[in-house]
Amino acid sequence: MKVLKPFFLVLCVLTLFSCNTSETEKVLDPSLALWYNRPATDWTEALPLGNGRLGAMVYGGVDKEIIQFNEESLWTGQPHDYAHEGAHEVLDELRKLLWEGQQEEAHQLGNERFMSQPFGQFCYQPFGNILLEFPDHKEVANYKRQLDLENAISTVNYEVQGVKFKRELFASEPDQALVTHLETSKEGELNFYIGLDSPHSKYEVSVEGNEIILKGKANNYPKELDYQNKPYPESKLTFEARLKIVHDGGELMKENNRIKVANATTATLYLVAATSFINYQDISGIPSQLCEKYLENLNGKSYERIKESHIQDFGELFNRVALDLGESEISNRPTDERLISFQQDEDPNLVSLLYQYGRYLLISSSRAGTQPANLQGIWNDKLSPPWDSKYTININTEMNYWLAEMTNLSELTEPLTQMLEDLSVTGRNIAKEHYDLEGWVVHHNTDLWRGAAPINNANHGIWPTGGAWLSQHLWWHYQYTNDIEYLRNKAYPILKEASRFFVGYLVPDPNNPEWLVSGPTNSPENGGLAMATTMDHQIIRNLFANTIEAAEILGLDADFIKIVEEKRAKIAPNLIGQHGQLQEWLIDQDDPTNKHRHVSHLWGLHPGTEIHPLTTPDLAEASKVTLSHRGDGGTGWSRAWKINFWARLLDGDHSFLLLKNLMVPSIEQGVDMKDKGGLYLNLFDSHPPFQIDGNFGATSGITEMLLQSHLRDENGHYFQDILPALPSALSTGKISGIKGRGAFEIALEWQNGALVSLEVKSLEGQHLNIRYNGHVISKETAEGQILSFSPADFK
């Protein structure tokens, strides 16, 4: 028996265990909390905290606790120009080789003359560890660790010989600190040691009064030489962290480079951290000054004030969206048990938890003024992380931000916009040096230093549409917010110059001279270097369309836009191949037995808009054939993408099947490209190894089941398609706060697979098209107007 909660939740509190008996603790909603009855043993069992700049992983250890932490700007390397001088001199030869079918020769030439210098980019780094030791806490009872998504606080509770101990941890954005608060139910029973260390080779730890100071220098890139035996530039970033201890009762004692807290009742640890990074061109910052500034900002503030400020700040973002898919007794078990049994019980409440976890993770890893969420968000414990934990932009970075606009977190895209502004600068040099073209271009990866050249190997690194794909997010931000000044000052200049590059890049196809094609390129990571890939054409068409519409809205650049329109009309179309599939290349060479994780040629289905059952039914059917060839497995992020694909194909049950296939426990920690994707026990997405994109893609896909707003009428107004792909497994529920294009905020309830109620708030007074079960209601709206609909309105 599943019970739905009232749509607008009233916070219920119940007096439970607290070291301070005057406090009350929430009864946690199982769709908004992760909890476990044992400490984490692996990093992928620890619980993540973050404020966009600082990230932490909390193991919840008893006698020994590790709080591993990151700071977003600690990377290997230094400011660097990755361009390969004179690369454009071999561009025509690369195309000629590919037209003639000499792919291996093209790979060899590309690797010799066209690739980034060095061949790879740099990697995101761990910063350090907070080490807590409780010598007397060997035998404990009533252990519980949890993460409350609503207030972004992790807690650890247990008893030792009848004495209760509690830790609260959070990463405060307003106060830019990682905070750990410890308390006990018996006065003077808090006795423990505190230390800091770092995995980097060059660091030192010292104690000054009630502060522990960690200083160091980033390790060099793990590989000394690149693919061509050329050295990677040395790392030049320096870093510092300071941990300040405030305690009630007892005393502090210095022991070596640790501090011992003796006979206290409470203690609060404030960790701040910084590096010498200022921007991708400037590393002259002074970490010690920044740390001192952060600590000074904490002076005069009580723990409760800092905590309350944190809860208010985080909640202002997180609480905009509420999802209720019901709950039952099985929903109240530890999170690991729930994940392990999901294949049998399909508890919708766990779906709600995974949905909101995606939003939690994005809020925690991407805030205004920070770096964008990388391949692991902001969490990394390895000096040599998989794929460098950088920005892979042939799917992964984009997937990180699919959920942002639709789940009412528009502000969180600001770091992505800033990165695009940076790349539109560094990418100009790559456009000129590698292609002898104007505009800007980025390939399939970038890093802190805003590398834009092709990396790793010509067989997959030469792929020039990474920046064009990222630019889609600029247009989305305008679509969801109607922010004309953002369009004018931020988005359009970047879109225009990206389009300028591709106006020059496209070339006629020898066999179909009336068509323009992309190349040299590849269909990401599948099939090697090629000409005329379907994904490229879809992305470039989308870029051109967005640029054209933006220019028309702003009344700018009529002559240039005419050229863009002419080029767009000539781009090779989507084609259906011999197996009934959507072709991955202009040449009909798809292998129906290929289960590759990338399904790049369905970009036009999602996140693009040019394929849909209602507008292009033949191409939609061909997309289904392609998906049947690729299968319902794959890496974690691949399964997440397929959730979105099937939702766009209006098949909710198949979309849910892919969600179910993602929600399987993963234990593999190393890199595995085989069909082993899933979720770790802390619900991190498993490629394997950990990649955060699958978490964000799952939240996006669930939203696409409930609301789609990418289709438009003949006047360009967006349809708000209600419950377009509702799975039978989620037949009853409520959601509020999600957004549709055109700047609409939507709340809806459904029972037994049918709409019960719908409420739409028009944020900008745009024309509204609501579509449900094939019926459309069209209305003009006023800014701030709230409109209510019932099922009877759609008959």
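In what follows, the structure referred to is the one given above.
Criteria and cut-off values
- Residues numbered from 1 in each chain as written.
- Predicted model: local features only at pLDDT ≥ 70, side-chain atom pairs only at ≥ 80, totals over all residues.
- Heavy atoms only, no water.
- Axes fitted to C-alpha atoms, helices over the stretch in contact; angles between N-to-C directions.
- Helix = DSSP H or I, 4+ residues; strand = E, 2+ residues; numbered from the N terminus.
- Parallel < 35°, antiparallel > 145°, perpendicular 65-115°, else oblique.
- Left-handed = near helix turned anticlockwise from the far one by under 90°.
- Contact = heavy atoms within 4.5 Å.
- Nonpolar A, V, L, I, M, F, W, Y, C, P; charged D, E, K, R; others polar.
- Pairing = 2+ DSSP bridges.
- Expected span 1.5 Å × (residues − 1).
- Buried < 20%, exposed > 50% of the residue type's maximum accessible area, 1.4 Å probe, protein only.
- Polar contact = N/O pair within 3.5 Å; in protein donor to acceptor, adjacent residues only side chain to side chain.
- Core = buried A, V, L, I, M, F, W, Y, C linked by side-chain atoms within 4.5 Å.
- Salt bridge = Lys/Arg side-chain N within 4 Å of Asp/Glu carboxyl O.
- Phe/Tyr/Trp six-rings, centres within 6.5 Å; stacked < 30°, edge-to-face > 60°.
- Lys NZ or Arg CZ within 6 Å of the ring centre and 35° of its normal.

**Details of the packing of helix α12 (residues 484-505) against helix α13 (residues 534-554)**
It is the contact of α12 with α13, at a shortest axis distance of 9 Å, that shows an interaxial angle of 135°. It follows from the interaxial angle that α12 and α13 lie oblique. In this structure, the crossing between α12 and α13 has a hand that is left-handed. Residue-level inspection shows I484, L487, R488, Y492, L495, K496, A498, S499, F502 and V503 of α12 in contact with α13, the latter providing I540, L543, F544, N546, T547, A550, A551, I553 and L554. In the contact of α12 with α13, the residues fall into 14 nonpolar, 3 polar and 2 charged.

**Concerning the pairing of strand β34 (residues 775-779)**
Sheet analysis places strand β33 (residues 768-772) next to β34, joined by 5 bridges and oriented antiparallel. Within the sheet, the bridge partner assigned to Y772 lies in β34 and is H775. Between the antiparallel neighbours β33 and β34 lie 2 residues, among them N773 with a positive phi of about 50°.

**Here we look at helix α6 (residues 348-365)**
The terminal C-alpha atoms of α6, which comprises 18 residues, lie 26 Å apart, in line with the 26 Å expected from a rise of 1.5 Å per residue. Across the 18 residues of α6, 18 count as buried, placing the element largely inside the fold. Between the side-chain oxygen at the start of α6 and the backbone nitrogen of N349 there is a gap of 3.1 Å, and the oxygen is on D347.

**Quick notes on the environment of A545**
Relative to the helices and strands, A545 is located in helix α13. Classification of A545 by relative accessible area gives partly exposed; the value is 26%. C-alpha separation for the pair A545 and A267, spaced 278 residues apart in sequence, amounts to 57 Å.

**What to know about the sheet that holds strand β10 (residues 163-172)**
Pairing in this open sheet of 9 strands is antiparallel, and the strands run β3-β8-β9-β10-β11-β18-β15-β14-β13 from one edge to the other. A single partner strand is all that each edge strand has here, and the edge strands are β3 (33-36) and β13 (202-208). Here the strands of the sheet are splayed against their neighbours by 15° on average, with no regard to which way each runs. Inspection of the sheet shows strand β15 (residues 238-248) paired to strand β18 (residues 266-275) by 10 bridges, in the antiparallel sense. Looking at β18, one finds that I245 is bridged to L269. On the sheet, helix α3 (residues 287-298) packs against β11 (177-184), β14 (211-217), β15 and β18 and is oriented at approximately 145° with respect to β18.

**Some remarks on the nonpolar core**
With 223 residues, the main nonpolar core has F69, Y360, L659, L748 and L758 as its most contacted residues. Of the residues forming this core, the biggest block, 11 residues, is contributed by α12. Judged by nonpolar contacts, the second largest core, of 13 residues, contains A177, V179, V272 and L298.

**Comments concerning the pattern of salt bridges**
Tallied over the full model, the rule gives 38 salt bridges. Of the charged contacts in the structure, one is a salt bridge between E316 and R320, with a shortest N-O distance of 3.0 Å. Its relative accessible area of 46% is what places E316 among the partly exposed residues. Where D347 meets R338, a salt bridge forms, and the shortest distance between an N and an O atom there is 3.3 Å. Pair check on accessibility: D347 and R338 agree, each one buried. In this structure, a network of salt bridges that share partners links the residues E211, E240, R242 and E292.

**Here we look at the packing of aromatic side chains**
If you walk through the whole model with that rule in mind, you get 35 aromatic pairs. With a centroid separation of 6.5 Å and an interplanar angle of 50°, the aromatic rings of F342 and F656 are classed as tilted. Residue F342 is located in helix α5 (residues 335-345), and its partner F656 is located in helix α17 (residues 652-662); the two are separated by 314 residues in the primary sequence. The pair F342 / F656 is uniform in exposure class, with both members buried. When the centroid spacing of 6.1 Å and the interplanar angle of 45° are considered together, the rings of W379 and F684 count as tilted. With W379 in the loop between α6 and β20 (391-392) and F684 in the loop between β26 (678-679) and β27 (685-686), this pair connects stretches of sequence that are 305 residues apart. What makes W379 buried here is its relative accessible area of 0%. Every member of this aromatic cluster is reached through a ring pair, and the members are F114, Y435, F501, F502 and Y505. In this structure, R500 packs its charged tip against the face of F560, placed 4.8 Å from the ring centre.

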